[in-house]
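What follows is each chain in one-letter form.
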Amino acid sequence: MILTPRNKQKIGIAGLIALSTITVLPIVALVIYILVLGLPAISWDFITSFPQDGMRAGGILPAILGTVYLTIGTAIFSVPPGIAAAIYLVEYAPDNTITRLIRIAMINLAGIPSVVYGLFGLGMFVIFLKFGTSILAASLTLSIMTLPVIISTTEEALRSVPNSFRVVSISLGASRWQTIWRIVLPQSIPGIITGIILGLERAAGETAPIMFTGAAFFLPLLPNTPLDPTMALPYHLFVIATQIPGMPVQVQYGTVLVLLAFVLGMNVIATLIRSRARKKRQW
Amino acid sequence: MDKICIENLTVRYSDGAESLKNINLSIPEKTITVIFGPAGGGKSTLLRTLNRLNDLGDVAELSGSVIMNGVNLLDRQTDVIGLRRKIGMVFSRPVTLPLTIFQNVSYGLEVAGERRKPVLQNAVESALKQAALWDEVYDRLQDPANALSGGQQQRLCIARTLALKPEVLMLDEPTSALDPLSTAKIEGLLMDLKNELTVILAPHNTQQAARLAEYAAFFLQGELVEEGDGTQMFMKPRKKKTQDYIMGRFG
């Protein structure tokens, strides 16, 4: 075959398709594998009742609710300060050494292994601040881990608003804050929400940060206050996968499936919000 | 009567972009003053200095004074937000805010704290009429502003500035992105507006400068070469450089 530009292009495209397939294939295989092994375990009882027989049977309700509590707790502690920090960095902070240091610190914060956050949370919230192993301590630990994600995605969303809007708004006598509140934020809210969900989704699936700070091996009751410990899906999964002899595989994969559905569900919501907002975009 | 007196104004940016060197210029009231010259001459810098939009950029040096109504606009104490309401600005690219047509015009009043519906409605209607846009949009005020054509958007930009009842209207190459018909409409509009307020225009070509200038100032590389009566300037410029530019020998 002669290598005309046309043929070269064909080869190139074929290569790209092959590589994309290789990337997507493992994910598809993984999901199918989990569905096949996990689906038989899923029933109404499975998601609404307590574990029985040393967690070998029954449901996983406390773990599901625990993960919901932790996600809400994380949202409370990470969303408001995260958005505030991003607004400050994009709209107010002068471009100087300190601002650059803050950015570098944030990028590095995002790269820290999650177990380090877990140990920090243990030292800071559980022991030093005396919150004990609790939803509060675990949520705070997850918040610190989520903050960099929320800050950087919010920053990006704010930056995507054309600067000409800000100049026009200011030229019409608006203050900086009025400009942010009336023009910049409404335009960037879809991007911000997407970032929040992606950050929370990661928090919801983490095991290491909560295993020292708030997650329990097994609890016969649901938590009553934020100062109680809780079961949580990722940690429960770790427990039933490694700590319990004679564990039925079905229950394990059923739990995996529930966690996956929880996280993927959040992902789908984020995607929907983004695509709806794209259609409504005004520039 | 002079509306604005610029004395010994020097502006320099830290990135070395277009600057102004020791400018002295008086801008007459209720007249169209045309500020013209080749790109990079300092026209935009001058306009941005007058309503302090320069505050947003990184200005390395700013000296001299700009006096309007007996107040130095460059003074740190000057109420910048109030100043920007008095000196309206229209940009070269029509940038409508991501709001409805109505909200674009009422924006300036709303950020100034006006909440009364009837007041806003009256202001929007009269501003749109003043900008010769009312007849084209009165039945779709709640549509997004970016649904308008380029020429309409630029008139909307003029309308939202007029809604604040400014004393001075500055336009930085307002028709550079528009077709000849829309340009003619906006030029006609400016001829009407100058009876009510002071217009400062930086046109994007010499022909427009010649058409509209009642008073004119020629800027070249940050310096004011010549200023004076508009007709005089384009018929019989005093300086060689001005003549060369008007004749099209450079720029």
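## Quick notes on the overall build of chain B
From N to C terminus, chain B includes 10 helices and 10 strands. Computed over C-alpha atoms, the radius of gyration of chain B comes to 18 Å, within 12% of the 18 Å expected from 2.2 N^0.38 for 251 residues, which places it in the range of a compact globule. Projected onto its principal axes, the C-alpha coordinates of chain B cover approximately 55 × 40 × 35 Å. Split into buried and exposed, the 251 residues of chain B put 45% on the buried side. Counted over contacts in chain B with a minimum sequence separation of 6, partners at least 24 positions apart contribute 70%.

## Here we look at the overall build of chain A
Along the backbone of chain A there are 11 helices and two strands. Listed N to C, the secondary structure of chain A is α-α-β-β-α-α-α-α-α-α-α-α-α in terms of helices and strands. Counting over 283 residues, chain A shows a buried share of 39%. Across chain A, contacts joining residues at least 24 apart in sequence account for 76% of those joining residues at least 6 apart.

## Some remarks on the sheet that holds strand β9 (residues 215–220) of chain B
All names here are of chain B. Read across the sheet, six strands follow the order β6-β7-β8-β3-β9-β10 without closing on themselves; strand pairing throughout is mixed. If you trace the sheet from one side to the other, it starts and ends with β6 (87–90) and β10 (223–229), each paired once. Along the sheet, successive strands turn relative to each other by an average axial angle of 15°, direction set aside. Relative to strand β8 (residues 198–202), strand β7 (residues 168–172) runs parallel, the two being bridged by five bridges. The partner of L171 across the bridge, within β8, is L201.

## Some details on the confidence of the model for chain B
Confidence in the prediction for chain B averages 90 pLDDT; 100% of positions are at 70 or higher. Interface predicted TM-score (ipTM) for the complex: 0.89; the corresponding pTM is 0.83.

## Here's the deal with the sheet that holds strand β2 (residues 20–28) of chain B
Residue and element names in this part refer to chain B. Taken together, the four strands give an open sheet; going across it, the order is β2-β1-β4-β5, and neighbouring strands pair in antiparallel fashion. What marks the edges here is a single partner per strand, and that holds for β2 and β5 (71–72). Here strand β1 (residues 2–13) pairs with strand β4 (residues 59–68) via eight bridges, running antiparallel. Residue I6 lies in a different strand from β4, and its bridge partner there is V66. Its contacts with the sheet put helix α1 (residues 43–50) on β1, β2 and β4, and the angle it makes with β1 is roughly 115°.

## As for the packing of helix α3 (residues 61–92) of chain A against helix α8 (residues 176–205) of chain A
Residue and element names in this part refer to chain A. In the contact formed by α3 and α8, the axes pass within 9 Å of each other and the chain directions differ by 140°. Judged by the angle between their axes, α3 and α8 are oblique. Judged by the sense of rotation from one axis to the other, the crossing of α3 with α8 is right-handed. For the pair α3 and α8, the contacting residues are T67, T71, T74, A75, S78, V79, I83, I87 and E91 in the first and R176, I180, I192, I196, G199, L200, A203 and A204 in the second.

## Re unusual backbone geometry
All names here are of chain B. Phi angles above zero are rare outside glycine, and A132 is one such case at about 55°. The residue A132 is located in the loop between α4 (117–130) and α5 (134–137) in this model. The class for A132 is partly exposed, based on 16 C-beta atoms found within 10 Å. Notably, K165 is not glycine yet its phi reads approximately 50°, a positive angle.

## Observations concerning the nonpolar core
Counting residues in each nonpolar core, the largest one holds 131 residues, and the members touching the most others are V34(B), A127(B), A159(B), A163(B), M170(B), A213(B) and A216(B). Tallying contributions element by element places helix α6 (residues 135–159) of chain A first for this core, with 13 residues.

## A few points about α3(A)
End to end, α3(A) covers 45 Å across 32 residues, agreeing with the expected 46 Å (1.5 Å per residue, within 8%). The sharpest bend along α3(A) comes to roughly 30°, located at S78(A), with the proline P80(A) sitting one to four residues further on.

## Some thoughts on the environment of E223(B)
Residue and element names in this part refer to chain B. With respect to the helices, strands and loops of the structure, E223 is situated in strand β10. Overall, E223 belongs to the partly exposed group, with 16 C-beta atoms counted inside 10 Å. In sequence terms E223 and S182 are 41 residues apart; their C-alpha atoms lie 32 Å from each other.

## Brief notes about the pairing of β4(B)
The two faces of a sheet get side chains in turn, since along a regular strand they alternate between them. Residues and elements named next belong to chain B. Sheet topology places β4 next to β5; two bridges connect them, and they run antiparallel. By the bridge assignment for β5, M68 is matched with V71. Between β4 and β5, which pair antiparallel one after the other, the connecting turn spans two residues, and N69 there sits at a positive phi close to 50°.

## Brief notes about the pairing of β6(B)
Residues and elements named next belong to chain B. The alternating pattern of β6 places I87 and M89 on one face and G88 and V90 on the opposite face, and all of these are buried. For β6 and β7, the ladder comprises four bridges, and the chain directions are parallel. What sits directly across from M89, in β7, is M170.

## Considering helix α7 (residues 163–171) of chain A
Buried within α7(A) we find F165(A), V168(A), S169(A), I170(A) and S171(A). On the buried face of α7(A), the contacting elements are α8 of chain A together with α2 (80–86) and β6 of chain B. Backbone geometry just downstream of α7(A) places G173(A) in the positive-phi region, at approximately 90°.

## With respect to the interface of chain A and chain B
Listed as interface residues are 16 residues of chain A and, on the opposing side, 18 residues of chain B. Contributing elements (two or more residues each) for the side of chain A that touches chain B: α7 and α8 of chain A. The greatest single-element share of the side of chain A that touches chain B, amounting to seven residues, is contributed by α7(A). Tallied by class, the residues present in the side of chain A that touches chain B amount to eight nonpolar, eight polar and no charged.

## A few points about the environment of M233(B)
Among the structural elements, M233(B) can be located in helix α9 (residues 230–235). Beyond its immediate sequence surroundings of up to four residues, M233(B) is in contact with A213(B), A216(B), E226(B), G228(B) and T242(B).

## As for the packing of α7(A) against α8(A)
Residues and elements named next belong to chain A. Viewed as axis vectors pointing N to C, α7 and α8 meet at an angle of 135°, and their least axial separation amounts to 10 Å. When the axis of α7 is compared with that of α8, the two are oblique. Regarding α7 and α8, the two cross each other, and that crossing is right-handed. From α7, F165, R166, S169 and I170 reach across to α8, where they touch T179, I183 and V184. A breakdown of the residues in the contact of α7 with α8 according to their chemical character gives four nonpolar, two polar and one charged.

The rules we used
- Residues numbered from 1 in each chain as written.
- Chains lettered and ligands numbered in written order.
- Predicted model: local features only at pLDDT ≥ 70, side-chain atom pairs only at ≥ 80, totals over all residues.
- Helix = DSSP H or I, 4+ residues; strand = E, 2+ residues; numbered from the N terminus.
- Rg over C-alpha atoms; globule rule 2.2 N^0.38 Å.
- Buried ≥ 20, exposed ≤ 12 C-beta atoms within 10 Å, placed from the backbone.
- Contact = placed C-beta atoms within 7 Å.
- Pairing = 2+ DSSP bridges.
- Axes fitted to C-alpha atoms, helices over the stretch in contact; angles between N-to-C directions.
- pLDDT = per-residue confidence, 0-100.
- Parallel < 35°, antiparallel > 145°, perpendicular 65-115°, else oblique.
- Left-handed = near helix turned anticlockwise from the far one by under 90°.
- Core = buried A, V, L, I, M, F, W, Y, C linked by C-beta atoms within 7 Å.
- Expected span 1.5 Å × (residues − 1).
- Bend = angle between axes of the 7 residues up to and from the residue.
- Nonpolar A, V, L, I, M, F, W, Y, C, P; charged D, E, K, R; others polar.

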